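# Reading the structure
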Amino acid sequence: MASAYRQGFVFVQNIFAGVVSETDSGYKFEYDRDYLSAENPLAVSVTLPLQKKAFESKTLFPFFDGLIPEGWLLNVVSKNWKIDRRDRFGILLVACKDSIGDVSVRTER
């Protein structure tokens, strides 16, 4: 099992849904068991459907990468938080706490 370096708590409509982690082998996303057993849970995206098994990838999942700002806003985020533009996971953690849409990624549960 890959050990996690950094992690973000994923919320769907402000309800804790799971954890996205940076690991020594890439990235992992896993739905919270309580979230899966709740009434009418929503999937984070169509590419990350509801399931008990964790998703693993060598690259940041496209859905989460798509939450990251682009262009001039990415420059502002990178400069203000002193995060390298290529550190996509770091930017995800600081810039996607209050994303447009149903999904947000926070550093605290």
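A few points on the structure. (Residues numbered from 1 in each chain as written. Predicted model: local features only at pLDDT ≥ 70, side-chain atom pairs only at ≥ 80, totals over all residues. Heavy atoms only, no water.)

## Things to note about a nonpolar patch on the surface
Among the surface-exposed residues, Trp72, Leu73 and Val76 lie close enough to one another that they form a single nonpolar patch of about 320 Å² accessible area. With respect to the helices and strands, the residue Leu73 is situated in helix α3 (residues 71-81). Exposure remark for Leu73: the relative accessible area of 38% places this residue in the partly exposed category. (Patch = residues over 30% accessible without salt bridge, like charges linked within 9 Å, V, L, I, M, F, W, Y side chains within 5 Å. Areas by Shrake-Rupley, 256 points an atom, 1.4 Å probe, with all protein chains shown as cover. Salt bridge = Lys/Arg side-chain N within 4 Å of Asp/Glu carboxyl O. Helix = DSSP H or I, 4+ residues; strand = E, 2+ residues; numbered from the N terminus. Buried < 20%, exposed > 50% of the residue type's maximum accessible area, 1.4 Å probe, protein only.)

## Re unusual backbone geometry
Backbone geometry places Asn40, a non-glycine residue, at a positive phi of 55 degrees. Here Asn40 lies in the loop between α1 (33-37) and β4 (55-57). On the accessibility criterion, Asn40 (65% relative accessible area) is exposed. You will see that Lys82, though not glycine, has its phi angle at about 55 degrees, which is positive. Checked against the element boundaries, Lys82 lands in the loop between α3 and α4 (88-95).

## So, the nonpolar core
With 27 residues, the main nonpolar core has Val20, Phe29, Val44, Phe64, Leu92 and Val105 as its most contacted residues. Those elements that place two or more of their residues in this core are β1 (4-12), β2 (15-23), β3 (26-31), α1, α2 (62-67), α3, α4 and β5 (103-106). Among the elements that line this core, the one with the most residues is α4, at 4 residues. Discounting chain neighbours no more than four positions away, the residues touching Leu92 are Val20, Phe64, Leu67, Ile68 and Val105. (Core = buried A, V, L, I, M, F, W, Y, C linked by side-chain atoms within 4.5 Å. Contact = heavy atoms within 4.5 Å.)

## Concerning the side chain of Ser45
For Ser45, the position within the fold is in the loop between α1 and β4. A distance of 2.7 Å separates a polar atom in the side chain of Ser45 from a polar atom in the side chain of Thr47. Residues contacting Ser45, with those up to four places away along its chain left out, are Tyr31 and Phe63. (Polar contact = N/O pair within 3.5 Å; in protein donor to acceptor, adjacent residues only side chain to side chain.)

## A word on the packing of aromatic side chains
All told, the structure shown has 9 aromatic pairs when counted by the stated rule. Their ring planes at 55 degrees and their centres at 6.0 Å tell us that Phe9 and Phe16 sit as a pair that is tilted. By the burial criterion, Phe9 is buried, and Phe16 matches it. Ring centres 6.3 Å apart and planes at 25 degrees place the aromatic pair Phe29 and Phe55 in the stacked group. In this pair, Phe29 is assigned in strand β3 and Phe55 in strand β4, connecting sequence segments 26 residues apart. With respect to burial, Phe29 and Phe55 carry one shared label: buried. By way of ring pairs, the aromatic residues Phe29, Tyr31, Tyr35, Phe55, Phe61, Phe63 and Phe64 are connected into one cluster. If you follow Arg106 out to its NZ or CZ, it ends over the ring of Phe11, 4.1 Å from the centre. (Phe/Tyr/Trp six-rings, centres within 6.5 Å; stacked < 30°, edge-to-face > 60°. Lys NZ or Arg CZ within 6 Å of the ring centre and 35° of its normal.)

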